[in-house]
Amino acid sequence: MSLPTRNRVRGLTAPGTTREAPPRRLSRLKPPTADRNLENPLREGLILEKVPEPSSTVIFGATGDLAHRKILPALYNLHRAGLLPPESKVLGFARRDYTDEHYREEMLAAVQEHSRSPVEPAIWEEFARRIHYQQGEFGDFKSFRALAERLEALDAESGTRGNRLFYLATPPSTYIQIINNLGGAGLAQEGRGHSWGRIVIEKPFGFDLESARRLNHDVREVFDERQVYRIDHYLGKETVRNLLVFRFANGIFEPVWNRRYVDHVQITVGEDLGIEGRGDFYEEAGAIRDIIQNHMLQLLSLVAMEPPINFDAEALRDEKVRVLKALDPLWPEERIREDVVRGQYAPGWIGGVAVHGYREEGEVDPQSTTNTFVALKVEVQNWRWADVPFYLRTGKRLPKRATEIAIQFKRPPLMLFRDASADPEPNLLALRIQPDEGILLRFAAKVPELGLDVRSVNMDFTYGTSFTTDAPEAYETLLLDAMLGDASLFTRADEVEAAWGIVTPITYAWSEWDRDGTPEDLHPYEAGTWGPDAADRLVERDGRRWRRL
Ligand code: BG6
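Read on for an overview of the structure. Model, not experiment: these values are computed from the prediction.

Criteria and thresholds
- Residues numbered from 1 in each chain as written.
- Predicted model: local features only at pLDDT ≥ 70, side-chain atom pairs only at ≥ 80, totals over all residues.
- Heavy atoms only, no water.
- 1 Å grid on protein atoms, 1.4 Å probe; cavity = no way out; pocket = protein on both sides within 12 Å on 5 of 7 lines; lining within 4 Å.
- Points joined across faces, edges and corners; volume = space filled by probe spheres on them.
- Helix = DSSP H or I, 4+ residues; strand = E, 2+ residues; numbered from the N terminus.
- Nonpolar A, V, L, I, M, F, W, Y, C, P; charged D, E, K, R; others polar.
- Expected span 1.5 Å × (residues − 1).
- Buried < 20%, exposed > 50% of the residue type's maximum accessible area, 1.4 Å probe, protein only.
- Arc of directions from axis to C-beta.

1. Quick look at empty space enclosed by the protein
Okay, step 1: Evaluated as defined, the whole model comprises two cavities of 30 Å³ or more.
Okay, step 2: Roughly 130 Å³ of internal volume is contained in the largest cavity.
Okay, step 3: Together, 13 residues line the largest cavity, and Asp 232, Gln 293, Asn 294, Thr 491 and Val 496 are the ones closest to its centre.
Okay, step 4: Every element with two or more residues in the lining of the largest cavity is listed here: helix H9 (279–304) and helix H14 (493–513).
Okay, step 5: Examining the composition of the lining of the largest cavity, we find that four residues originate from one element, H14, more than from any other.
Okay, step 6: By residue class, the composition of the lining of the largest cavity is five nonpolar, four polar and four charged.
Okay, step 7: Reported here for the second largest cavity is a volume of approximately 60 Å³.
Okay, step 8: Thr 239, Asn 242, Leu 243, Phe 246, Leu 431, Arg 432, Ile 433, Gly 438, Ile 439 and Tyr 463 are the residues that line the second largest cavity.
Okay, step 9: Breaking the lining of the second largest cavity down by element, the ones donating at least two residues are helix H8 (238–248), strand S14 (428–434) and strand S15 (438–446).
Okay, step 10: With four residues, the top contributor of residues to the lining of the second largest cavity is H8.
Okay, step 11: Residue composition of the lining of the second largest cavity, by class: six nonpolar, three polar and one charged.

Below, the structure is given as structure tokens:
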């Protein structure tokens, strides 16, 4: 997988000392390889940035929100960084009757609004020449025949060598018809002239365990698992990728990364935003399907996994799946009542602005029982983690946007300094995923005065002060990896099913409890607070507290 380079690992130095090397120029990058399988898989992860083979990226849902906000800006930035070969093409596929030119104009506006780097006219001109548009219906086979012909014409015109990356940026209800039509039109086949064909599938991948299994089955009727890239954008975040480097490129943390030293782990994905006009989607999903099933269980598995035997996609994902399989099921119902808290935001204030409650949002049932906040306690039942609770919490309309993994260590065996001052806090390691990306270590220090006062202090690494380069967007990293054929940061079929296996009993129980109207266990919380009191009680009954973020 494309972990940060050796240089970047070396770059983790104190602020103000060695700076990271300037970005490499295209001519010094490793050239595209004809057959990646010939590379020694044991070196995977040590290979520096790579340029993929030329290909056509076909975006289904090309006029939608995701294409505007994430996919096209990411492709533009890859082009700008010299990471897309000049022959590569982008082909938007959607219902609207656009010309290439119209689509390019719309995408220019989208990239200007959402790209992390400003649009430079000369670079855009060059990029725009690669963008094309194909009108079609997802359920209409003739549209896919026409798509196949268009792709062949692009291959012939520009030398994309028959390599295709299909991106499903469409509602999940359309996935199967698109996939079946791709299969019917022969577009899932690989191999002519060593060409490749891959499909990127957005979340949500399924609605529960059964539908995820069915979807996996249907996808594999057409594509081989090797060709399937299930995307979870959290895995492309630079700080999440750095979690692997932090754990496995340093010698000092791994020995304490276990039940002997760790008291508990807290993972928070907090958002101050509400549902942003996605009432329809959110009513079905709720926080548990939207965030816990994917992003949070992915973070948990990266924190808890064993070192993989290498950074090959299969080795890495094998270890993540093991963690998910070792999670103590949140079942039966009494266990859910005890260890899972759900909440829903009521009206409140965020940043001095009054905001609606969830039930007043557009497309939301005024009696809705959808969860916008979930906190839960789960255990990884294996040799390393037995008896170490993992507390997870996520919510919309919390006081701020903050995603963090906190490893709370045990207290020293004997508090020699107890009389000298207030009891110091136990050591803590906080991995800040966003914002203020960085890592903080909290430990006890003597207050520099006469006497023996002990206080907790922070040792703080921030990306902003240690590195001068901007981190790539998650979608840039993931699109590049998909083009390179590196699936390590994408979820495998068994992984998605294992995650649904944890979440489905909970959603099942909740839907049963919801039959009798507003259920007792759905706790309202005021927007702009850290969720319902019940979430505090979940950790306080174990003698612990949520970290204040
Ligand atoms: C998406 C969810 O997957 O992740 C959204 O559907 C959520 O509801 C978003 O807001 C959070 O992503 P990020 O990158 O802003 O933390």
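2. Let's talk about helix H5 (residues 141–158)
Three- or four-residue spacings in an α-helix give side chains the same orientation, since the helix completes a turn every 3.6 residues.
Okay, step 1: If you check H5, its first and last C-alpha atoms are 26 Å apart, about what 18 residues at 1.5 Å a residue would give, namely 26 Å.
Okay, step 2: Residues of H5 that are buried: Ser 143, Phe 144, Leu 147, Ala 148, Leu 151, Leu 154, Asp 155 and Ser 158. The buried residues of H5 occupy an angular sector of 145° when projected down its axis, which confines them to one face. Projecting away from the buried face of H5 at angles above 90 degrees are the exposed residues Lys 142, Glu 149, Ala 156 and Glu 157.
Okay, step 3: One or two residues past the end of H5 sits Gly 159, with phi positive at roughly 80°.

In short, geometric facts, not functional conclusions.
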